[in-house]
Amino acid sequence: MAKEVTTRAENYSQWYNDLVVKADLAEQSAVRGCMVIKPYGYAIWEKMQSILDAEFKKVGVHNAYFPLFIPKSFFSKEAEHVAGFAKECAVVTHHRLMNDPNGKGVVVDPDARLEEELIVRPTSETIIWSVYKNWINSWRDLPIICNQWCNVVRWEMRTRPFLRTAEFLWQEGHTAHATAEEAEAKANEMVHVYADFARNVLALPVVVGHKSPNERFAGALDTLTIEAMMQDGKALQAGTSHFLGQNFAKSFDVQYTNNEGKLEYVWATSWGVSTRLMGALIMAHSDDNGLVLPPALAPIQTVMVPIYKSQEDRAAIIARMEVLKAKLEALGHSVKIDDRDTLRPGFKFAEWELKGVPVRIAMGMRDLEAGTVEVARRDTLTKETMALEGIESHIHTLLDEIQTNIYTKALSFRDSNIRKCDSWEEFKQEIVKGGFLLCHWDGTAETEEKIKEETKATIRCIPIDTAVCEEEGKCIYTGKPSHRRVIFAISY
RNA sequence: CGGGGUGUGGCGCAGUUGGUUAGCGUAUCUGGUUUGGGACCAGAUGGUCCUCCGUUCGAGUCGGAGUACCCCGACCA
């Protein structure tokens, strides 16, 4: 384990990459752009999955699974969609290998070429709509609300651990509805499921809003997003929910008979979050001592470190820790006693801080005699000695307090980095400092494009659920009239 | 795909104008002392210096080609 303190100032990317490795979340794999998620990192992802999945069930979502491979012809049915993804697809062309006739190793058998190439799914709209066609006949079959947890592949040019990898894990929900209103309501409902999850579980303050037409999902009529701010002031799109209109229904000819006996195309949505949430979590809360995990997600919520000189002392301390562990577990908390005999306490403190465990309890002979424990919080890095008696109820409330505190801290950081900006000159100066700039925009794609070219800033979203943005003004770039402010930022 | 950088024990690095037996930190192993914030002492293991070709009496060091990875862009969840 590295001893040096990490520093964020020099190179945030490097700092982040190092942290992912040091906290034992993931490592780089030998496969280009792909990542190995280690057990500790995966435990966090699993927890995200289980909590989100429970939320999905509450709004009528059913899980299903669809094929990894998509025939090329399916993929090209929706024109905008194919244009959006064509550049980053992995393609299967053969189905067999053979021994290299010229020597060692294996080569692709040229006789085993597929008649039609298969695309490794970058997203599953096309394969799912080809299936939904068979599932949908009558208005009685609607709505269909399916979700799948799976991996997808996008051959990105540049990758970063969790934020953008060539293969990543996610969930993708795909729904079919009888009316546009119902589909739009669903897309809206799901983006709020994500927003609540981000806020309450990840302790991540997010802005909910619409994407500008330029930033929309390929093939969508409207894209809703949750946007988070990282500690370097850059924006990160943490989840999206799309209203797809009838585009996919028409491309895949999915029609139903309504209660008047007429044929109608169905209306669609899709929505997803990915292992990028792991990146958001890390980048939003970590400090120079390592990860800071919100208790709601931490695989280990409380770690106990014994401090002892002799084996007798060790046994006595651990025996008392076992009692406390059982009490905490009865309250629904996950607890680990770090009884490794080969490491010194100081080392363990540093290691668990690196891994972001919210609460640490240290107990030595001093405590055993006095009936106390030392309780340390990861979020504030403070510690205090308290009576062992009844400590479990204190920890119970402390975990909630930590959860709230992490959110509040992230929220005040974000809010102090959101500012209004009303002149183009000011915009160019401010945007490089990071943060979200609330600006008026004339609503045209051309203006958005020019601003992007000149500053690299994009419209992260057109916020909903906030009255702050609703006001008359003039476009920051063209001076044309505007009815509301939108969020500009540099993003990941 | 453009621009920059780096390949030397498991990991992180040094290695001078080419010179003999390639060093240092860390990790690992052994023994002992330690243990309330990343322990210390002593000893030990561990290297085709990315690959190939070339220059030279002599290459980790110089030249060429290849290759891998990292960082910064463009593309994107």
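Here, every reference points to the structure presented above.
Residues numbered from 1 in each chain as written. Chains lettered and ligands numbered in written order. Predicted model: local features only at pLDDT ≥ 70, side-chain atom pairs only at ≥ 80, totals over all residues.

### Re the pairing of strand 8 (residues 113-120)
Reasoning step 1: Summarising the sheet, strand 4 (residues 69-71) and strand 8 pair through 3 bridges and their orientation is antiparallel. Bridge pairing in strand 8 places Pro-71 opposite Leu-118.
Reasoning step 2: Where strand 5 (residues 91-94) lies against strand 8, 3 bridges are found, and the strand directions are antiparallel. Each residue of the ladder has a partner; that of Val-92, found in strand 8, is Leu-118. (Pairing = 2+ DSSP bridges. Helix = DSSP H or I, 4+ residues; strand = E, 2+ residues; numbered from the N terminus.)

### What about the environment of Phe-74?
Reasoning step 1: You can see Phe-74 is positioned in helix 3 (residues 72-75).
Reasoning step 2: Measuring from C-alpha to C-alpha, the distance between Phe-74 and Trp-129 comes to 9.2 Å, with 55 residues separating the pair along the chain.
Reasoning step 3: Non-local contacts of Phe-74, meaning those with residues more than four positions away in its chain, are made with Thr-126, Ile-127 and Ser-130. (Contact = placed C-beta atoms within 7 Å.)

### So, the environment of His-333
Reasoning step 1: Residue position: His-333 is located in the loop between helix 9 (311-330) and strand 18 (335-337).
Reasoning step 2: For His-333, a count of 20 C-beta atoms within 10 Å gives the class buried.
Reasoning step 3: Taking the C-alpha atoms as reference points, His-333 and Phe-56, separated by 277 residues in sequence, lie 23 Å from one another.
Reasoning step 4: Beyond its immediate sequence surroundings of up to four residues, His-333 is in contact with Gln-301, Thr-302, Leu-328 and Leu-399. (Buried ≥ 20, exposed ≤ 12 C-beta atoms within 10 Å, placed from the backbone.)

### A word on the sheet that holds strand 4
Reasoning step 1: Strand order in the open sheet formed by 3 strands is 4-8-5, and the pairing between neighbours is antiparallel. Across the chains shown, the open sheet's two edge strands, defined by having one partner strand only, are strand 4 and strand 5. Put simply, the sheet's adjacent strands are angled 40 degrees from each other on average, direction ignored. (Axes fitted to C-alpha atoms, helices over the stretch in contact; angles between N-to-C directions.)

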